[in-house]
Amino acid sequence: MSRRRRWSRAAVQAACVAITLFMGVPLYLITLAALSSRESLNRFPLPLVPTDPSTETMSTFLRSTGVTGGFLNSLTVGLGTVVLALVVGVPAGYAVARYAFRGRDTYQLSLLLIRALPIVVLSVPLARVFLDTGLYDTTYAVMLIHTALALPTTVLITAAIFVGVPREHEEAAMIFGATAPQAFLRVVAPQALPGIAAAAMFAFMLSWNEVLGATVLTLNQRTLPAQVLTTLSDSPLAYRFAGGLALVLPAVVFIAVMRRYLLNMWGTTLR
Amino acid sequence: MPRRARVPAAVLLIAPSLVVMTALFAWPLVVGVGQAFSGPDGATTAYVRRMLDDPYFWPAVRNTALLVVVLVPLQFAFALTMALLLRERPRFHGVHFFVWVLPLAVSDLAAGLVWLSVFADRGYLNSTLDHLGLDGYAWLSYQNTTSMFLTVVVAELWRSTSLVLVIVVAGLQGIPKDYDEAAAVFGASYWQRLRHVVLPQLRPSLQVALILRTILALETFAVAQALTGRNLPLLVGETYEWYNVLQNPNVASAIALVVLAVSMLAAVGYLRLLRDRTVTR
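Let me begin by describing the structure that accompanies this report. (Residues numbered from 1 in each chain as written. Chains lettered and ligands numbered in written order. Predicted model: local features only at pLDDT ≥ 70, side-chain atom pairs only at ≥ 80, totals over all residues. Heavy atoms only, no water.)

### Remarks on the overall build of chain A
Here is the rule: Here a helix means four or more residues in a row that DSSP labels H or I, a strand means two or more in a row labelled E, and each is numbered from the N terminus. Exposure classes here rest on a 1.4 Å probe applied to the protein chains alone. A residue is buried below 20% of its type maximum, exposed above 50%, and partly exposed in between. By definition, residues are in contact when any of their heavy atoms lie within 4.5 Å. Charge assignment in this entry is limited to Lys and Arg as positive and Asp and Glu as negative, and neither His nor the chain termini are counted. Lys charges are placed at NZ, Arg charges at CZ, Asp charges at CG and Glu charges at CD.
When you go through chain A residue by residue, the secondary structure sums to 13 helices and zero strands. Starting at the N terminus and ending at the C terminus, chain A contains elements arranged as α-α-α-α-α-α-α-α-α-α-α-α-α. Per-residue burial over chain A gives 55% buried out of 271 residues. Summarising the internal contacts of chain A: among those between residues at least 6 apart in sequence, 71% fall at separations of at least 24. Considering chain A, the positive charge centre built from 20 side chains and the negative charge centre built from 11 side chains are found 14 Å apart.

Rendered as structure tokens:
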């Protein structure tokens, strides 16, 4: 028995290492590729360990047309999405958590449905709407569609957070003479803040990664992924590898920062 | 607080979100139907016919369907394996879990570019083969449809399995260990416990993940764009081509509506199929 146990422990360890290699090695390779000089990328076979690390590929990419602008646009759109999604989503999440209003179940169900539907495919008709209203090819247009994408999740996450803040605290504040908005700001908001910050990061990451809507709704005001996608077919491999690393890095930082909240955000609150 | 004041307050709080979702979901849906089915002189099926006659359309339908059918079961098996391995508390499980969820925040475009460095003709896979004295293979050549499809499956498996993983791990945490331990005491084998104790309790999490992943897989596009361009057409990729490259928003809208309709059908179908034991909240 114990010998069999030791064998199965070893098998579990080996399987874990194998999966970690499968998940980790591609990230190592894209970093290696993006930090190689253009000349060494033309060699074949490519070395699997860094031989002459160079920032040439990366800096050429960063100096390419539209990349700095795309980076700034991505940042603007991401922050705008966070603000809009929170301004609209947090009150709704609070209402879902605290009030038993008629139609609440329908509201929650429609949130889930909208969350599950590919809203981005609606960006083609949205482009028509935005052309008519003068919003086309602005960062605001992209912000709006990203807000629509992030909103259901923001409402569901914040609702879960407000459920976790004891109602008694709020009621106590009101007994001592606070109005409902004051009680919310002074008592509920501070307790909910870490969770709301997590929701904000989630919205930012969603916006940073979204590419179809951003490509369809803009022409000159491209976000970084949209810029990379539209120049993909006529750019050298070195450019694509550098673009890949530039898009992957924030994601890695994001997961590192958000480790504690991952299971809550993607796991439980989705239900 | 008086009871009747509550209803208006709640409505006031959710009203902005209703406005945003109507303006950005319902309204474009109406506009999209208009774009797809009406031309300069009234109602027409010309755009729909043009979509159906396009040589890329049916391959795109086939590839998208094939991708969903191959990818989703594969990644559920993969995610379940990962979650069960973590449950055994291997050494460094924190590190393993961290690496396994890293792709969670990686976009599909970035994932395509990451795997491009592996599968490109002069990329790392062929380099490794060369180091080992083996011949390379043109993984992404338009002549090798199968290997092209497989590269997209691998890249998507790498990127999107972590979503299933976190849902399953969160689900496993919610299951009390007592049942499993009781079954073990009565002599049930590992596989018996997995089949009759763990999986049934994991059912709600698996359902959510299944609906989400099926619909997200229908949307796959940037991975294939980065790896193969238009050589492996997918439905959402065709929307992009018709809008950005061919500059025909009407046909693009028609394809978008197809994607939306299939997603809705899938969502409703799953909910119907799984309704009897489904908990909606």
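Having seen the structure, we can now continue with the description.
### Observations concerning the side chain of Arg-213 of chain B
Residue and element names in this part refer to chain B. Checked against the element boundaries, Arg-213 lands in helix H9 (residues 190-218). Using a relative accessible area of 1% as the deciding quantity, one classes Arg-213 as buried. Here Arg-213 is in contact with Leu-71, Val-72, Gln-75, Phe-76, Glu-156, Arg-159, Ser-160, Leu-163 and Val-164, once residues within four sequence places are set aside.

### A closer look at the pattern of salt bridges
All names here are of chain A. Which entries qualify depends on this criterion: Think of a salt bridge as a Lys or Arg side-chain nitrogen and an Asp or Glu carboxyl oxygen that are within 4 Å of each other.
In total, this model carries nine salt bridges over all chains according to the counting rule given. With a shortest N-O distance of 2.9 Å, Glu-170 and Arg-98 are connected by a salt bridge. With Glu-170 in helix H8 (residues 167-175) and Arg-98 in helix H4 (residues 67-98), this pair connects stretches of sequence that are 72 residues apart. Here Glu-170 matches Arg-98 in class, with each residue buried.

### A look at the interface of chain B and chain A
One frequently used descriptor of interface size is the decrease in accessible area upon assembly of the parts. Put simply, the rule reads: Accessible area that two parts lose when put together, with a 1.4 Å probe and added across both, is what the buried area reports. Polar contact criterion, stated in full: a pair of N or O atoms within 3.5 Å, where within protein one must be able to donate a hydrogen and the other to accept it, and residues adjacent in sequence count only if both atoms are side-chain atoms. Residue polarity is assigned by list, with Asp, Glu, Lys and Arg as charged and Ala, Val, Leu, Ile, Met, Phe, Trp, Tyr, Cys and Pro as nonpolar; anything else, Gly included, falls into the polar class.
Each side of the interface is counted separately: chain B has 91 residues, and chain A has 92 residues. Summed over both sides, the interface of chain B with chain A buries roughly 8,300 Å², with 79% coming from carbon and sulfur. Joining chain B to chain A, the criterion identifies eleven residue pairs in polar contact (both at pLDDT 80 or more). The greatest single-element share of the side of chain B that touches chain A, amounting to 18 residues, is contributed by helix H1 (residues 6-37) of chain B. Of the residues belonging to the side of chain B that touches chain A, the class tally is 60 nonpolar, 21 polar and ten charged.

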